[in-house]
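# Coordinate inspection notes
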Amino acid sequence: RSYPVNDDSLSATVGSGGDGGSHSNGEDSSFDDLIALGGGGGGSHSSSSPVQNGQPGGSGGGGGSYADGSVADGGSELQPTSENGGLGSRGADSEEDHEGSGGGGAVSAGEPGISGASGDGGSGINLTDVLSAEYGSNGKFAGGGGGGSHSSGNAGSGKAGGGNGGTGSSGEGGVSNTGGGGGGGGNSSAVGGDGGSGIVIVKYRSQNPNEDAEKLY
């Protein structure tokens, strides 16, 4: 998206990823009045509390599940209908006990868990056609985290900076400065990984008319 920049004093804010242990949403990132909403926290499960839905966010968190057959809804995507618009997808609803679902990515929704395997995170966006591949996860950003699985199943994979889910263990964190989601924890004593922090990159025309320049915040 093109955006007029005529003032060196314009500010940028890079939001932190959500805390996996508390299932919190990530913080917003912004440039001037453009706002990228933080991702939704993932659902949870516990022997002492009901299974929790994924939270709404820029992309939604995946729903949790539990061994007693309890399942939960994925969180909705808020970025596409926000004032600034943009990309975002829903977290998957959980459909199988023991198997968590994947969080939504910028381009596609998370996948639900099936028998013996948790859901993968949704696909992020590939920006290698406009940015250097040194940024993000090889030029990809804002992928969903994979769902966690009980010790007998296969955890879901994260995409585009998203962390993999844990198999009977805690999930992996999202990659810093990608906006990737954290992977889900694999049992009631394991926690989900933290989300990856956001990033703000401004690409602009340099004094050399034959090349562009990039500024990283």
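Residues numbered from 1 in each chain as written. Predicted model: local features only at pLDDT ≥ 70, side-chain atom pairs only at ≥ 80, totals over all residues. Heavy atoms only, no water.

## Points about the overall build of the protein
- Scanning the protein for helices and strands turns up 0 helices and 7 strands.
- Scanning the protein from its N terminus toward the C terminus, one meets helices and strands in the order β-β-β-β-β-β-β.
- Considering the protein as a whole, with its 217 residues, one finds that 40% of them fall into the buried category.
- Contacts spanning at least 24 positions in sequence make up 32% of the contacts within the protein whose residues lie at least 6 apart.
- In the structure as shown, the protein presents an accessible area of about 10300 Å², 43% of it carried by carbon and sulfur atoms.
- Taken as two groups, the 7 positive and 25 negative side-chain charges of the protein have centres that lie 11 Å from each other. (Helix = DSSP H or I, 4+ residues; strand = E, 2+ residues; numbered from the N terminus. Buried < 20%, exposed > 50% of the residue type's maximum accessible area, 1.4 Å probe, protein only. Contact = heavy atoms within 4.5 Å. Areas by Shrake-Rupley, 256 points an atom, 1.4 Å probe, with all protein chains shown as cover. Lys, Arg positive; Asp, Glu negative; His and termini not counted. Charge placed at Lys NZ, Arg CZ, Asp CG, Glu CD.)

## What to know about the pattern of salt bridges
- Counted according to the given criterion, the structure contains 1 salt bridge.
- Two residues, Arg90 and Asp93, come together in a salt bridge whose shortest N-O distance is 3.3 Å.
- Accessibility expressed as a relative area gives 30% for Asp93, which makes it partly exposed. (Salt bridge = Lys/Arg side-chain N within 4 Å of Asp/Glu carboxyl O.)

## Considering unusual backbone geometry
- In this model, Asp32 sits at a positive phi of 55°, which is unusual for a non-glycine residue.
- Its location among the elements puts Asp32 in the loop between strand 2 (29-31) and strand 3 (34-36).
- When its relative accessible area of 35% is taken as the criterion, Asp32 is described as partly exposed.
- The phi torsion at Asn138 lies on the positive side, around 55°, for a residue other than glycine.
- The topology assignment puts Asn138 in the loop between strand 4 (125-126) and strand 5 (140-141).

## Thoughts on the environment of Gly174
- Here Gly174 shows up in the loop between strand 5 and strand 6 (201-205).
- The sequence separation of Gly174 and Gly162 amounts to 12 residues, and the corresponding C-alpha distance is 4.5 Å.
- If we skip the residues at most four places from it in the chain, Gly174 touches Gly161, Gly162, Gly163, Gly180, Gly181, Gly182, Asp194, Gly195 and Gly196.

## Here we look at the sheet that holds strand 3
- Spatially, the 3 strands line up as an open sheet ordered 1-2-3, and their pairing is antiparallel. The sheet terminates laterally at strand 1 (12-13) and strand 3, the two strands that pair on one side only.
- The pairing of strand 1 with strand 2 spans 2 bridges and is classified as antiparallel. Within the sheet, the bridge partner assigned to Thr13 lies in strand 2 and is Ser30. (Pairing = 2+ DSSP bridges.)

## Examining the side chain of Ser29
- Note on placement: Ser29 falls in strand 2.
- Look at Ser29 and you get buried, because its relative accessible area is 9%.
- Among the polar contacts listed, one links the side chain of Ser29 to the backbone nitrogen of Gly15, at a separation of 2.9 Å. (Polar contact = N/O pair within 3.5 Å; in protein donor to acceptor, adjacent residues only side chain to side chain.)

## A look at the side chain of Ser118
- Structurally, Ser118 is set in the loop between strand 3 and strand 4.
- You can call Ser118 buried: its relative accessible area is 8%.
- There is a polar contact of 2.6 Å between the side chain of Ser118 and the backbone oxygen of Gly148.
- The contacts of Ser118, once residues within four sequence positions are left out, are Glu99, Gly100, Gly113, Gly147, Gly148, Ser149, Asn154, Ala155 and Gly156.

## Let's talk about the environment of Gly41
- The topology assignment puts Gly41 in the loop between strand 3 and strand 4.
- When its relative accessible area of 4% is taken as the criterion, Gly41 is described as buried.
- Counting along the chain gives 79 residues from Gly41 to Asp120, while the straight-line C-alpha distance between them is 16 Å.
- Beyond its immediate stretch of four places on either side in the chain, Gly41 contacts His23, Ser24, Asn25, Gly54, Gln55 and Gly61.

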